[in-house]
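Given next are the chains, with one letter for each unit.
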Amino acid sequence: MNDKVQAALNTQINMELGAFYTYLSMAAYFEADGLKGFSAWMRHHAEEEMMHAMKLYDFIHARRGRVTLKALGDPKTVWENPVAAFEDALKHEQKVTAAINALVDLAREERDHATHSFLQWFVDEQVEEEEIVDDAIQKLRRIGDFGPGLYLLDREMAASAASSEGQAESEAGEG
Ligand code: OFO
């Protein structure tokens, strides 16, 4: 496959694995803080990032390209409070969206139609990724320091993680 596109897709694999690491670190932070619903949500999100990385990995191989993995940096491990963690997650998603858009531009410039088509899934996924993280931020800001509100949101996040896991399992079963 086109060398420039292949290099950019490999960089994107690294970014998705970096996201996996970041969300897993956030899961560990929430687990240690006793917020098991937030932890489950972050853990599920980490698994989604691994799935994104593997989609790119499989695509490169399907095009008879070469996957070259790169080092991952240490993730941040502590946040001031839950909203700070989610704000970091949103910043991260915005960076990923910009990277995906740059990849789409590159595929178009290089007239790599297969990669251009493949990347549309990621373009759509980023809209959802930013929306769900921003939704959590809005709720957390409204709750502020109100403990019972945080307790209820933690339960809601646990239910959301469980339903997303169930959906992912039934989709895997269908495939
Ligand atoms: Fe892979 O979408 Fe989030 O980072």
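Source: prediction; values computed, not measured.

Definitions and cut-offs
Residues numbered from 1 in each chain as written. Predicted model: local features only at pLDDT ≥ 70, side-chain atom pairs only at ≥ 80, totals over all residues. Heavy atoms only, no water. Helix = DSSP H or I, 4+ residues; strand = E, 2+ residues; numbered from the N terminus. Expected span 1.5 Å × (residues − 1). Polar contact = N/O pair within 3.5 Å; in protein donor to acceptor, adjacent residues only side chain to side chain. Buried < 20%, exposed > 50% of the residue type's maximum accessible area, 1.4 Å probe, protein only. Axes fitted to C-alpha atoms, helices over the stretch in contact; angles between N-to-C directions. Parallel < 35°, antiparallel > 145°, perpendicular 65-115°, else oblique. Contact = heavy atoms within 4.5 Å. Nonpolar A, V, L, I, M, F, W, Y, C, P; charged D, E, K, R; others polar. Core = buried A, V, L, I, M, F, W, Y, C linked by side-chain atoms within 4.5 Å. Salt bridge = Lys/Arg side-chain N within 4 Å of Asp/Glu carboxyl O. Bend = angle between axes of the 7 residues up to and from the residue.

K.L.:
Please give an account of helix H1 (residues 3-32) that cites residues and values.
P.N.:
Helical geometry: 3.6 residues make up each α-helical turn, so side chains three or four residues apart lie on a common side. An ideal rise of 1.5 Å per residue puts 44 Å on 30 residues; H1 measures up with 44 Å between its terminal C-alpha atoms. By the N-cap criterion, in which a side-chain oxygen at the helix start approaches the backbone nitrogen of a residue two or three places on, H1 is capped by Asn2, the distance to Lys4 being 3.0 Å. In the segment just after H1, Gly34 is the residue with positive phi, at about 80°.

K.L.:
Lay out the environment of Asn81 in plain terms, naming residues and giving numbers.
P.N.:
When you line up the elements, Asn81 lands in the loop between helix H2 (36-62) and helix H3 (82-109). On the basis of relative accessibility, which here comes to 28%, the residue Asn81 falls in the partly exposed class. The spatial distance from the C-alpha of Asn81 to the C-alpha of Leu140 is 9.9 Å, given a sequence separation of 59 residues.

K.L.:
Now, about the packing of H2 against helix H4 (residues 113-143): what can you tell me, with residues and values included?
P.N.:
Packing of H2 against H4 brings their axes to within 12 Å, and their N-to-C directions diverge by 170°. Here H4 runs roughly antiparallel to H2, going by the angle between their axes. Of the residues in H4, those in contact with Phe38, Trp41, His45, Glu48, Glu49, Met51, His52, Lys55, Leu56 and Phe59 of H2 are Ala114, Thr115, Phe118, Trp121, Phe122, Glu125, Glu129, Ile132, Val133 and Leu140. Tallied by class, residues from the contact of H2 with H4 come to 12 nonpolar, three polar and five charged.

K.L.:
Outline unusual backbone geometry, supporting the account with residue identities and numerical values.
P.N.:
Excluding glycine, residues mostly carry a negative phi; peptide bonds, for their part, are mostly trans. With a phi angle near 60°, Arg64 is a residue other than glycine that sits in the positive phi range. Exposure remark for Arg64: the relative accessible area of 73% places this residue in the exposed category. Here the phi dihedral of Arg111 falls at roughly 55°; this positive angle occurs in a residue that is not glycine. With respect to the helices and strands, Arg111 occurs in the loop between H3 and H4. Look at Arg111 and you get exposed, because its relative accessible area is 67%.

K.L.:
Which residues make up the nonpolar core, and what are the values?
P.N.:
In this structure, Tyr23, Phe30, Phe38, Met42, Phe86 and Val133 are the most contacted members of the largest nonpolar core, which totals 27 residues. Top element by residues in this core is H1. It accounts for seven residues. When residues no more than four places from it in sequence are discounted, the contact partners of Val133 are Tyr23, Trp41, Phe86, Ala89, Leu90 and Glu93. Val5, Leu106, Phe118 and Phe122 belong to the second-largest nonpolar core, a separate cluster that totals 18 residues.

K.L.:
A description of the pattern of salt bridges should follow, citing residues and the corresponding values.
P.N.:
Tallied over the entire structure, the rule returns nine salt bridges. Across the pair Arg63 and Asp112 runs a salt bridge whose closest N-O atoms are separated by 3.3 Å. On the criterion of sequence distance, the pair formed by Arg63 in the loop between H2 and H3 and Asp112 in the loop between H3 and H4 is long-range, its members being 49 residues apart. The buried category is assigned to Asp112, whose relative accessible area is 7%. Where Arg141 meets Glu87, a salt bridge forms, and the shortest distance between an N and an O atom there is 2.9 Å. Placement of the pair is Arg141 in helix H4 and Glu87 in helix H3, with a sequence separation of 54 residues. Through salt bridges with shared partners, one network takes in Lys76, Asp88 and Lys91.

K.L.:
Run through the environment of Ala32, naming residues and quoting values.
P.N.:
Tracing the sequence through the fold places Ala32 in helix H1. Ala32 sits in the exposed class, given a relative accessible area of 75%. Separated by 16 residues in sequence, Ala32 and Glu48 have C-alpha atoms that sit 22 Å apart.

K.L.:
Summarise H4; cite the residues concerned and give the values.
P.N.:
When the terminal C-alpha atoms of H4 are compared, their 46 Å separation across 31 residues agrees well with the 45 Å that a helix rising 1.5 Å per residue should span. If you look at H4, its biggest bend is around 25°, right at Leu119. Within H4, burial applies to Thr115, Phe118, Leu119, Phe122, Glu125, Gln126, Glu129, Val133, Ala136, Ile137, Leu140 and Ile143. Where the residues of H4 are buried, they touch H1, H2, H3 and helix H5 (147-174). After H4 finishes, the residue Gly144 shows a positive phi value of roughly 55°.

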